[in-house]
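Architecture and fold: a report
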Amino acid sequence: MKTFACGVLAAMIACSGLTARAGTPPDTLVEAWVIDDLVSLDPAEIFEASSTEYLAQVYDRLIGYDRTDASKLVPLLAESWTVSDDARTYTFRIRDGVKFHSGNPLTAKDAAWSLQRAVKLNLAPAYIVSQFGLTAENVDRMVTAPDDRTLVFRTDKAYAPTFVLNCLTSTVTAVVDSKLVQEHEANGDFGHDWLKTHSAGSGPFKLQSWKPNELLAFDRNDGYWQGQPGFHRVFIRHVPESSSRLLLLQKGDVDVARNLTPDQLKSLQGNADITLEPVQKMSIFYVSFNVLHPPFDKPEVRQALKYLIDYDGIVATIMHGLATVHQSLVPAGMLGSIDDAPFTLDVNKAKALLAQAGLPDGFKATMDVINQSPYIDIAQALQASFARAGVTLELIPGDARQVLSKQRARKHEVYIGRWGPDYEDPDSNAGTFAVNTDNSDATASKTQAWANGWQDAAMTADAQRATLETDGAKRAQIYAELQRRHQQVSPFAFMFQLSEVIASRKTVQGLTWSATYDRNQYWTGRKSP
């Protein structure tokens, strides 16, 4: 990684040798975002929003998704692949002629070593590939490269091929330059300490500099195998305050502003210099009810509360276009998703259900909520609508760490949360919201179902069966049926699927924005004259 001497505010001016002026250079993309969750640049450790978006610019993976249809897998570094008849061996043909930023050729041996390295390091995202029976002891046998263009990935048993392949699109599978990284190994760390702050990729951009909580900078990879990127340089500036991001965009000091508030986005409507592009994400908002705390152990109570949520009203008055109503655990755009929305605000039905539960006058409960918008705003709306059926909801605001710690310890009563899949497969959500194999405090498998004290043996079995169903259509049907039962009996009220609205200067064109951060691409963009 090069030393980047220029200050943040002058980065795109002083470092490019330009004189100060309004606007950004024509060959440069400047983005204002919040990137304080970026703690490591190592693909074996990357797991947060901004870090996965970083990875998409600097690294390549074997396979990915069609830009317009997330249900279709497309070849990337692997130009083709086959699955054995017993669904236990996946063979990838690696594209010829691809080079890393270092100039080293990219081969199947790099791909195999990258996967072996991720499993052996066993950092947070490693489970995405190790769940297929890979361990530090056997991964060198399970993942092999018999020659420079052939990668073989083996599993311990037959899983649904869609499940395996979806997981192999995840960021932890990014191919790293094994020769370069091994040159920086220290004490058997597989180069991890070095790669946390450096890069070893083959992607459309090269890492120029990373200043934590300040700036991320890229240079163009002119030899990129998919074509030359439209920008010579990219700067992502950490700008914590949304009002500052808005002002920078309006003045032309940045080309793109992310995570603006609904009111700020509304203020940009009609601005001839600004384009607003809504992009549906995979994240969903939900409310959970801890069945370890009565009366939430009663199915009638849980269902009654689902009828006390003003889904459409919250979307219209609080989310302002940044969400759509979505009431199932698999987000729209993913295999097995359904658009069933069985619940609407119905106070009379809620009262009848509460009466069936022996609570005709309602009850009192507490809700733990992160003291940030829109969490606290949604919580206040729920407090008001619950009260219409006699349910008194006391809000307990706290910072994210406090609220999450209490929820993970199963000490909450009602909790409002946001969930994004760890990998783009329905199991990433069903495996946590429907599966609970051990409801004891000592379990090692602490899913969201466990965190809310809920265990349904049939639901768990169906979710696990879906990961083994080799027929894709049948697998999708299992998830559809599971979700319809889950909507009625589970302690989860799924409410909304989030959207991100990208605000950019009109001169910026062609950037690829997707449902997940690790599929956002800058190299496809450019500026018009």
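Calculation criteria
Residues numbered from 1 in each chain as written. Predicted model: local features only at pLDDT ≥ 70, side-chain atom pairs only at ≥ 80, totals over all residues. Heavy atoms only, no water. UniProt positions renumbered as here; feature names shortened; annotations may be inferred. Buried < 20%, exposed > 50% of the residue type's maximum accessible area, 1.4 Å probe, protein only. Helix = DSSP H or I, 4+ residues; strand = E, 2+ residues; numbered from the N terminus. Contact = heavy atoms within 4.5 Å. Pairing = 2+ DSSP bridges. Axes fitted to C-alpha atoms, helices over the stretch in contact; angles between N-to-C directions. Core = buried A, V, L, I, M, F, W, Y, C linked by side-chain atoms within 4.5 Å. Domains from an automatic or database assignment. Buried area = accessible area lost by both parts, 1.4 Å probe. Salt bridge = Lys/Arg side-chain N within 4 Å of Asp/Glu carboxyl O. Parallel < 35°, antiparallel > 145°, perpendicular 65-115°, else oblique. Left-handed = near helix turned anticlockwise from the far one by under 90°. Nonpolar A, V, L, I, M, F, W, Y, C, P; charged D, E, K, R; others polar.

- In the nomenclature of an unreviewed UniProt entry, the protein is known as ABC transporter substrate-binding protein of Inquilinus limosus.
- In its Subcellular location (unreviewed entry) section, the UniProt entry covering the protein states "Periplasm".

Description of helix α2 (residues 49–58)
- Within α2, nine of the ten residues are buried, which leaves it mostly tucked inside the rest of the structure.
- Among the residues of α2, those classed as buried are Ser-50, Ser-51, Thr-52, Glu-53, Tyr-54, Leu-55, Ala-56, Gln-57 and Val-58.
- Next to the buried residues of α2 lie β1 (28–33), β8 (205–211) and β9 (215–220).

Topic: the sheet that holds strand β6 (residues 143–147)
- Taken together, the four strands give an open sheet; going across it, the order is β4-β5-β7-β6, and neighbouring strands pair in antiparallel fashion. The open sheet has two edge strands, β4 (78–83) and β6, and neither has a second partner. For this sheet the average axis-to-axis angle between neighbouring strands, irrespective of direction, equals 20°.
- Along the sheet, helix α3 (residues 108–121) makes contact with β5 (89–94), β6 and β7 (150–154), crossing β6 at roughly 170°.

Topic: the nonpolar core
- Core analysis: the biggest nonpolar cluster contains 75 residues, and Tyr-54, Phe-92, Leu-151 and Phe-153 have the highest contact counts within it.
- For this core, the leading source of residues is α3, giving eight residues.
- Both of domain 1 (24–36 + 203–273 + 506–528) and domain 2 (60–200) provide at least three residues apiece to this core.
- Residue contacts for Leu-151: discarding those within four places in its chain leaves Leu-62, Tyr-90, Thr-91, Phe-92, Ile-94, Ala-108, Ala-111, Ala-112, Leu-115, Val-143 and Thr-144.
- Counting 69 residues, the second-largest nonpolar core is a separate cluster that includes Ile-314, Ala-323, Val-414 and Ala-430.

Examining the pairing of β5
- Every second residue of β5 is oriented toward a common face, the buried set being Tyr-90, Phe-92 and Ile-94 and the non-buried set Thr-89, Thr-91 and Arg-93.
- As judged from the five bridges shared by β4 and β5, these two strands associate in the antiparallel manner. If you follow Ser-80 over to β5, its bridge partner there is Arg-93.
- Count of turn residues in the β4/β5 antiparallel hairpin: five residues, of which Ala-87 carries a positive phi of about 55°.

A word on the domain arrangement of the protein
- The assigned domain composition of the protein is domain 1 (24–36 + 203–273 + 506–528), domain 2 (60–200) and domain 3 (280–500).
- If you look at the interface, domain 1 gives 14 residues, while domain 2 gives 17 residues.
- Together domain 1 and domain 2 conceal approximately 1,200 Å² of surface at their shared face, both sides included; 54% is due to carbon and sulfur atoms.
- The largest share of the area that domain 1 buries against domain 2 comes from Trp-225, Asp-518 and Arg-519, three residues that together contribute 47% of it.
- Between the two partners, domain 1 and domain 2, sit one salt bridge.
- A salt bridge links Asp-518 to Arg-61; its shortest N-O distance comes to 2.6 Å.

A word on the packing of helix α18 (residues 457–466) against helix α19 (residues 472–489)
- Viewed as axis vectors pointing N to C, α18 and α19 meet at an angle of 155°, and their least axial separation amounts to 9 Å. The angle between α18 and α19 falls in the class roughly antiparallel. When the axes of α18 and α19 are compared, the crossing they make is left-handed. Two secondary-structure elements touch here, α18 through Ala-458, Met-459, Asp-462, Ala-463, Arg-465 and Ala-466 and α19 through Arg-475, Ile-478, Tyr-479, Leu-482, Arg-485, His-486 and Val-489.
- For the contact of α18 with α19, the residue count by class is eight nonpolar, one polar and four charged.

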